[in-house]
Each structure stands twice: as structure tokens, then as C-alpha cells.
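Per-entry structural report
The chain contents come next:
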Amino acid sequence: MKVNLGSLDRITRVAAGSVLLVLGLMLGGWLLLVALLGVALIVTSATGSCPIYAHYGLNSSPRR
């Protein structure tokens, strides 16, 4: 997959994903879906590629 996430975007996704993951796991119940959203943010940050960005033609990575 093509990298379409910049450094700031990736850092923000890790931070937000971590918070959502912890909250979802701590509160449990139907909020486990929030934890899954957190995992998705962390995974897209780790790979540097966001399928939603790709679908809409967005790119926050620096131009080379």
C-alpha cells in the first residue's frame, strides 16, 4: 500500500488510538467497539497507510 500519512498524522493516530483502546477495554460492554476503533487507528499509523485517505485521494505525507 502507498504511504499517505505524515508524521504528525501518525503520532496523532497513535495517541488517540491508545486512549480509545484503553477506555474501551476498561469500560467493557458495547464500548469494546471503541477499542476496535483504537486498534484500527494504531494499525493505520503503523503501516502509514489509511484506506479512507486513499479512497478520497487525501495525502498528509510530505511531497518528495
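Let me sum up the structure you'll find in this document. (Residues numbered from 1 in each chain as written. Predicted model: local features only at pLDDT ≥ 70, side-chain atom pairs only at ≥ 80, totals over all residues. Heavy atoms only, no water.)

Attention shifts here to the environment of Ile 42. Among the structural elements, Ile 42 can be located in helix H2 (residues 32-47). A relative accessible area of 28% means that Ile 42 is categorised as partly exposed. Considering only alpha carbons, one finds Ile 42 and Val 14, 28 residues apart in sequence, at a separation of 5.1 Å. Setting aside residues up to four positions removed in sequence, Ile 42 forms contacts with Val 14, Gly 17, Ser 18 and Leu 21. (Helix = DSSP H or I, 4+ residues; strand = E, 2+ residues; numbered from the N terminus. Buried < 20%, exposed > 50% of the residue type's maximum accessible area, 1.4 Å probe, protein only. Contact = heavy atoms within 4.5 Å.)

Looking now at helix H1 (residues 7-27). Here H1 is 21 residues long and its end C-alpha atoms lie 30 Å apart, about the 30 Å a rise of 1.5 Å per residue gives. Its buried side turned inward, H1 meets H2 and helix H3 (51-56). Directly after H1, the chain includes Gly 28, whose backbone phi takes a positive value near 65°. (Expected span 1.5 Å × (residues − 1).)

Together, Val 19, Val 22, Leu 23, Met 26 and Leu 27 give the surface a local cluster of nonpolar side chains, amounting to about 510 Å² of exposed area. Mapping Val 19 onto the fold places it in helix H1. (Patch = residues over 30% accessible without salt bridge, like charges linked within 9 Å, V, L, I, M, F, W, Y side chains within 5 Å. Areas by Shrake-Rupley, 256 points an atom, 1.4 Å probe, with all protein chains shown as cover. Salt bridge = Lys/Arg side-chain N within 4 Å of Asp/Glu carboxyl O.)

Evaluated as defined, the whole model comprises one salt bridge. Here Asp 9 makes a salt bridge to Arg 13, at a shortest N to O gap of 3.3 Å. With Asp 9 and Arg 13 both in helix H1, this residue pair falls four residues apart, about one helical turn. The burial state of Asp 9 is the same as that of Arg 13; both residues are buried.

Taking 1.5 Å per residue as the helical rise, H2 with its 16 residues ought to reach 22 Å, and the 23 Å between its terminal C-alpha atoms agrees with that figure. Within the sequence span of H2, burial applies to Ala 35, Gly 38, Leu 41, Thr 44 and Ser 45. For H2, the elements touching its buried residues are H1 and H3. Gly 48 sits one or two positions beyond H2 and adopts a positive phi of about 80°.

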